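Chain and residue survey
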There are 2 protein chains.
Amino acid sequence: MTSHQYGLILAGGRGTRFWPRSRRANAKQVLSLFGDRSLIQQTVDRLRPVLPPERIWILTNDYLRAEIVRQLPEVPQRQILAEPAQRNTAPAIGLAAQIIQSLDPEAVMGVFPADHVIAKPREYVRLIRPAFRAAQEGKIAVLGIQPRWPETGYGYIEFPKGIEAGSRVAIPVLRFREKPDEATAKRYLKSGNFSWNAGMFFWRTSVLLDALRRYLPKTASLLASLPAFGSKGFSAQLAKTFPLCENISIDYAVLERASNVVGFLTGDIGWNDVGSWNAVYELHKQDASRNAVRADALLKDSSGNYVDASGKLVVLLGVRDLVIVDTPDALLVADRNRAQQVGDMVKMLEQARREELL
Amino acid sequence: MTSHQYGLILAGGRGTRFWPRSRRANAKQVLSLFGDRSLIQQTVDRLRPVLPPERIWILTNDYLRAEIVRQLPEVPQRQILAEPAQRNTAPAIGLAAQIIQSLDPEAVMGVFPADHVIAKPREYVRLIRPAFRAAQEGKIAVLGIQPRWPETGYGYIEFPKGIEAGSRVAIPVLRFREKPDEATAKRYLKSGNFSWNAGMFFWRTSVLLDALRRYLPKTASLLASLPAFGSKGFSAQLAKTFPLCENISIDYAVLERASNVVGFLTGDIGWNDVGSWNAVYELHKQDASRNAVRADALLKDSSGNYVDASGKLVVLLGVRDLVIVDTPDALLVADRNRAQQVGDMVKMLEQARREELL
């Protein structure tokens with residue numbers, strides 16, 4: 001039975017908030033922000049107890065594919081797919097589901113983001129097994145993260161009252177909720193039956209494709225019109241067809257409308273979506289003055305800084321709460337509390353057509 | 001008569017406060033901190049109306065000599081001397097005086113620091129001519145800078161009451177005063193008859209050598225024992241003899257004790273000794289948010305910063321009053337108001353034996 005389980009890692013994002021380290025061809029998921037392994041390598045490592053690399057599929061883009069192939073020699077190259085265009089998660093997952101289904105009609109697929117951190121992978125993997133089992137039985141299963149603060153930047157999943165975190169028994173999902181305002185987020189946190197939606201879903205490929213035919217018929221029929229995966233005309237036809245698909249997330253297209261959704265609520269698995277340099281800073285080991293340093297550095301009267309540089313000495317004198325990231329062609333010095341806005345700086349570079357820095 | 005006038009540019013300092021741009025082999029005086037010309041090039045340029053390059057002598061050290069030769073092709077190479085050891089200004093000036101005197105017994109010498117900025121060189125040169133003339137007549141002449149604030153970091157020169165700035169008539173110097181405390185500096189500023197001592201002196205080489213024989217006999221006789229300049233044994237003997245000289249400034253050794261000292265008080269010549277990155281910042285053109293940028297840079301919500309980098313883009317986001325200086329092997333990020341302490345960081349690098357960065 002296990003041999004029909006597949007993992008789909010979504011790795012098409014850019015992660016512009018990690019500029020100047022992140023570039024189109026070197027996005028967040030392939031960066032080694034913690035230790036020596038990149039986030040996508042850590043994702044594959046973490047899934048290994050439930051999914052061997054030969055049953056991992058990866059969806060990325062043309063900029064990143066070569067680097068991902070390089071970083072993951074254990075994943076068969078033909079399973080590392082590049083989307084011809086960015087069309088959000090519904091067409092991407094639909095495409096992968098259709099290909100895998102064509103190769104294994106019994107396939108059950110788990111969807112995993114490529115760029116999250118999970119400090120306690122064993123706790124995490126414990127819940128993946130029952131999620132696959134629920135999917136095997138025809139359900140759509142989701143893995144929700146127990147909220148630790150009233151975050152307004154994530155979507156939420158509403159469960160019935162009185163659920164137990166870490167339980168391996170599938171719980172019916174009542175509703176998916178969009179990013180809340182702060183008061184609502186606080187209510188969610190307090191009520192105890194809401195989880196963060198971290199984008200981890202499980203289903204039979206046949207179930208997902210049925211749902212797409214029902215809720216997103218145009219995209220479903222475009223994908224169905226593709227020649228067989230691996231055949232001569234596949235890539236050329238995909239390049240023409242894929243951009244015509246609807247630009248919509250799987251959450252909106254399917255999950256919020258499907259009725260047979262169940263979920264699992266994690267306990268403390270140390271999940272973090274690593275949304276900015278500030279998150280990287282907070283996840284790093286810090287010295288007595290709360291500096292996190294990934295560089296050859298000399299600090300005096302400086303506190304709360306994140307420093308990331310290689311091949312040079314960084315000297316800080318009397319500075320506080322900065323993010324300093326140095327690369328051969330770009331240097332970022334930012335207020336750490338404004339690290340979320342680094343993406344805006346990248347937009348400015350795009351507007352200025354500084355392609356060499358993107 | 002003019003043809004007996006010589007300039008001696010003292011260029012042996014390190015300027016560690018300009019790290020990471022300043023290094024032993026690339027000290028402050030050879031850096032292009034303003035425009036395309038280095039400070040020593042600007043010094044030679046500024047003197048040109050009174051002293052042609054063929055009558056300029058330069059005292060530096062072994063680390064810097066090659067770069068100075070490269071930057072000043074118009075100055076005869078044999079006039080660019082390297083001290084075998086740092087022994088402060090008295091032995092250095094004595095050595096140059098003795099060499100020049102041996103080549104021209106009628107020589108009159110002006111001493112000029114290599115690393116100052118003078119925004120109004122014409123006003124400055126106006127006073128150099130009468131200073132040379134006073135020296136020609138056997139006096140020791142000094143050029144004092146009218147103080148603009150109660151600086152405690154400079155020595156002062158005391159003139160009689162009621163002197164007139166910018167006058168081309170020599171004024172007797174009453175006393176040299178050491179760096180004052182703040183109350184004293186304020187009194188000096190208010191009294192109107194004190195000037196900053198900027199290290200610009202004029203004398204016949206014979207007068208200076210007489211004074212050294214009188215006030216610093218050991219150094220005088222060590223220097224007198226050297227073989228003829230340009231002879232085969234000169235350099236080898238200098239390397240042995242020079243380190244034996246007293247380590248003392250010309251101010252202490254001669255000026256404070258001599259009786260025949262006269263002075264000239266500059267009006268506003270835009271003098272600045274460029275003591276730190278903060279001084280560089282203040283001398284630079286600033287944008288509407290008071291940033292001074294010598295780099296390809298993109299700034300958002302950032303003010304009062306000095307940025308110096310080449311070959312890369314620097315992005316600032318929400319930061320204030322920083323000095324950011326990037327070089328291929330070192331990056332400095334400092335509170336601009338603590339730029340004076342950059343030299344301490346260099347001392348820490350010396351203690352850590354990071355020779356490659358010094």
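Residues numbered from 1 in each chain as written. Chains lettered and ligands numbered in written order. Predicted model: local features only at pLDDT ≥ 70, side-chain atom pairs only at ≥ 80, totals over all residues. Heavy atoms only, no water.

Moving on: the pattern of salt bridges. On inspection of all chains with the given rule, the structure shows 42 salt bridges over all chains. B:Lys28 is the partner of B:Asp115 in a salt bridge, and the nearest nitrogen-oxygen pair spans 3.4 Å. On the criterion of sequence distance, the pair formed by B:Asp115 in the loop between strand 4 (108–113) and strand 5 (117–118) and B:Lys28 in the loop between strand 1 (5–10) and helix 1 (39–47) is long-range, its members being 87 residues apart. The burial state of B:Asp115 is the same as that of B:Lys28; both residues are buried. Each of A:Lys312, A:Asp326, B:Lys312 and B:Asp326 takes part in a single network of salt bridges with overlapping partners. (Salt bridge = Lys/Arg side-chain N within 4 Å of Asp/Glu carboxyl O. Helix = DSSP H or I, 4+ residues; strand = E, 2+ residues; numbered from the N terminus. Buried < 20%, exposed > 50% of the residue type's maximum accessible area, 1.4 Å probe, protein only.)

Right, let's talk about the pairing of strand 10 (residues 194–204) of chain B for a bit. All names here are of chain B. In terms of burial, strand 10 is largely enclosed, as ten of its eleven residues are buried. Both strand 4 and strand 10 contribute to a ladder of four bridges, which runs antiparallel. Bridging from a neighbouring strand, Gly110 pairs with Phe202 of strand 10. Here strand 6 (residues 140–145) runs beside strand 10; their pairing, made up of four bridges, is antiparallel. The residue of strand 10 that forms the bridge with Gly144 is Asn197. (Pairing = 2+ DSSP bridges.)

Residue and element names in this part refer to chain A. The topology assignment puts Gly15 in the loop between strand 1 (5–10) and helix 1 (39–47). Gly15 sits in the partly exposed class, given a relative accessible area of 26%. Residues Gly15 and Glu164 lie 149 residues apart in sequence; the distance between their C-alpha atoms is 33 Å.

So, about the packing of helix 3 (residues 89–103) of chain A against helix 6 (residues 205–215) of chain A. Residues and elements named next belong to chain A. For the pair helix 3 and helix 6, the least separation of the axes is 9 Å and the interaxial angle reads 135°. Here helix 3 is positioned oblique relative to helix 6, judged by the angle of their axes. Both helix 3 and helix 6 take part in a crossing whose hand is left-handed. Between helix 3 and helix 6, the residues in contact are Ala90, Ile93, Gly94, Ala97, Gln98, Ile100 and Gln101 and Thr205, Ser206, Leu208, Leu209 and Leu212, respectively. Looking at the contact of helix 3 with helix 6, its residues break down into seven nonpolar, five polar and no charged. (Axes fitted to C-alpha atoms, helices over the stretch in contact; angles between N-to-C directions. Parallel < 35°, antiparallel > 145°, perpendicular 65-115°, else oblique. Left-handed = near helix turned anticlockwise from the far one by under 90°. Contact = heavy atoms within 4.5 Å. Nonpolar A, V, L, I, M, F, W, Y, C, P; charged D, E, K, R; others polar.)

Another point: the interface of chain A and chain B. With 36 residues of chain A at the interface, the matching set in chain B holds 36 residues. Interface area, chain A with chain B, both sides summed: about 3,000 Å², of which 64% is carbon and sulfur. Summed over the three residues of chain A that lose the most area to chain B, namely A:Leu317, A:Leu331 and A:Met345, the buried surface amounts to 22% of that side. One salt bridge in this structure joins B:Asp301 and A:Arg338, with 2.4 Å as the shortest N-O distance. Our count for the contact surface shared by chain A and chain B stands at 20 residue pairs in polar contact (both at pLDDT 80 or more). Of all the secondary structure elements, the ones that give two or more residues to the side of chain A that touches chain B are strand 13 (292–300), strand 14 (306–317), strand 15 (322–327), strand 16 (330–335) and helix 11 (342–351) of chain A. When the residues that make up the side of chain A that touches chain B are grouped by side-chain class, the tally is 22 nonpolar, four polar and ten charged. (Buried area = accessible area lost by both parts, 1.4 Å probe. Polar contact = N/O pair within 3.5 Å; in protein donor to acceptor, adjacent residues only side chain to side chain.)

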